[in-house]
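Geometric and topological summary
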Amino acid sequence: MTEASVSDELAAAIRTIPDYPAPGVLFRDITTLLGNAKAFRRAVDALVQPWAGSKIDQIAGIEARGFILGGAVAHQLSAGFVPIRKAGKLPYKTVSMSYSLEYGLDEIEIHKDAIAPGQKVILVDDLIATGGTAEASINLLRSVGADIVAACFIIDLPDLGGRAKIEAQGVPVRTLVEFPGH
């Protein structure tokens, strides 16, 4: 199956909800893709494919949909899984990173011992929009010595510039579907 046909199949499995969470926004809901066994399998296989047979130590998934995808990717690559969570959600000693959002500040964290220096890590989430959370996640992972191999997302909203922001940090980006607009 070609990349274009996989992209078309996955795009068809994603529900679009107009005017959510605000008027004029087209929300791309992957819960319909996750509920479609064939589309979910295709998405995970497509995210994994470039690294099949490579030594990847950890998959870092951004809360919350990145946990679902990241867990499946970690399983396929025989890698560990590291949850990147909002502040205050992890029970052990943590390392955190604050970052700006359109409406204020947010903070994410990982366990202090989740990644050993030099480990090869792939960052996974469902969507790249403005790139703020992904950029903060990369900075957080690098602060503990991670070697970021790539950042992978099902959806890219290219008009919002997140992909370019991540690539400017020297991290290759893999996406499976592009939707213009927001």
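So, a few notes on the structure that sits alongside this text. Throughout, a residue's number is its position along its own chain's written sequence, starting from 1. Given that this is a predicted model, residues contribute local features only at a pLDDT of at least 70 and side-chain atom pairs are listed and counted only at 80 or more, while totals for whole chains, interfaces and linings are drawn from all residues. For side-chain calculations, the full set of non-hydrogen atoms in the structure is used, while hydrogens and water are omitted.

1. Notes on the sheet that holds strand S6 (residues 104-111)
As a general point, the strands of a sheet are linked pairwise by backbone hydrogen bonds and lie either parallel or antiparallel. In plain terms, the rule: Any two strands with at least two DSSP-identified bridges between them are counted as paired. Under the DSSP-based scheme used, a helix requires at least four consecutive residues in state H or I and a strand at least two consecutive residues in state E, with every element numbered from the N terminus. Lines fitted to C-alpha atoms define the axes, with helix axes restricted to the stretch in contact, and inter-axis angles between N-to-C directions lie between 0 and 180 degrees.
Spatially, S5-S6-S4-S3-S7-S8-S9 is the arrangement adopted by the seven strands of the open sheet, whose pairing is mixed. Each edge of the sheet is formed by a strand with only one pairing partner; in this case those strands are strand S5 (94-101) and strand S9 (173-178). Averaged over all pairs of adjacent strands, the angle between strand axes in this sheet comes to 20°, irrespective of strand direction. Of the strand pairs in this sheet, strand S4 (residues 80-86) and S6 are connected by two bridges, and their pairing is antiparallel.

2. Here's the deal with the side chain of Thr175
Stated precisely, the cut-off is as follows: Any two residues whose heavy atoms approach within 4.5 Å at even a single point are treated as in contact.
Residue position: Thr175 is located in strand S9. Not counting the four nearest positions on each side in its chain, Thr175 is found in contact with Ile128, Phe153, Ile154, Asp156 and Arg163.

3. Description of the packing of helix H3 (residues 37-48) against helix H4 (residues 65-77)
Which entries qualify depends on this criterion: Each angle receives one of four descriptions, namely roughly parallel if under 35 degrees, roughly antiparallel if over 145, roughly perpendicular if within 65 to 115, and oblique otherwise. Rotating anticlockwise by less than a right angle from the far helix to the near helix defines a left-handed crossing, while the corresponding clockwise rotation defines a right-handed one. Residues are sorted three ways: Asp, Glu, Lys and Arg are charged, Ala, Val, Leu, Ile, Met, Phe, Trp, Tyr, Cys and Pro are nonpolar, and all the rest, Gly among them, are polar.
Contact pair H3 / H4: the axes reach a minimum separation of 10 Å and the direction vectors enclose 60°. For the element pair H3 / H4, the angle class is oblique. The chirality of how H3 crosses H4 is right-handed. Across the interface between the two elements, Phe40, Arg41, Val44, Asp45, Leu47 and Val48 from H3 touch Ile68, Leu69, Ala72, Val73, Gln76 and Leu77 from H4. Looking at the contact of H3 with H4, its residues break down into nine nonpolar, one polar and two charged.

4. Observations concerning helix H1 (residues 3-13)
The following threshold applies: The rule is simple: take the accessible area with a 1.4 Å probe, protein chains only, and divide by the maximum for that residue type; under 20% is buried, over 50% is exposed, in between is partly exposed. Each C-beta atom gives one direction from the helix axis, and the arc is the one those directions make.
Looking only at H1, the buried set comprises Val6, Ser7, Glu9, Leu10 and Ala13. The buried residues of H1 occupy an angular sector of 165° when the element is viewed end-on, so they sit on one face. In H1, the exposed positions angled more than 90 degrees off the buried face are occupied by Ala4, Asp8 and Ala12. Residues of H1 that are buried sit in contact with strand S1 (15-18), helix H2 (31-34), H3 and S9.

5. Thoughts on the packing of aromatic side chains
The criterion, for reference: Each pair of aromatic rings taken from Phe, Tyr and Trp, with Trp reduced to its six-membered ring, is defined by centres within 6.5 Å and is described as stacked if the planes are under 30 degrees apart, edge-to-face if over 60, and tilted in the remaining cases.
Using the criterion set out here, one finds two aromatic pairs in the structure. When the ring of Tyr20 is compared with that of Phe27, the centres are 5.2 Å apart and the planes differ by 90°; the resulting orientation is edge-to-face. Exposure remark for Tyr20: the relative accessible area of 47% places this residue in the partly exposed category. Accessibility expressed as a relative area gives 25% for Phe27, which makes it partly exposed.

6. Focus on the nonpolar core
Our working definition: Working definition of a nonpolar core: buried Ala, Val, Leu, Ile, Met, Phe, Trp, Tyr and Cys residues. They are joined through side-chain atoms within 4.5 Å.
The biggest cluster of nonpolar side chains holds 32 residues, and the ones touching the most others in it are Leu10, Leu33, Ile59, Leu77, Ile122, Ile154 and Leu176. Elements represented by at least two residues in this core include exactly H1, H3, H4, strand S7 (120-128), strand S8 (147-156) and S9. Counting residues per element, this core draws most heavily on H3, at six residues. With residues near it in sequence (within four places) discarded, Ile154 still touches Ile14, Leu33, Ala43, Leu47, Leu69, Asp125, Asp126, Thr175, Leu176 and Val177. Counting 26 residues, the second largest nonpolar core, distinct from the first, contains Ile108, Val121, Ile138 and Val171.

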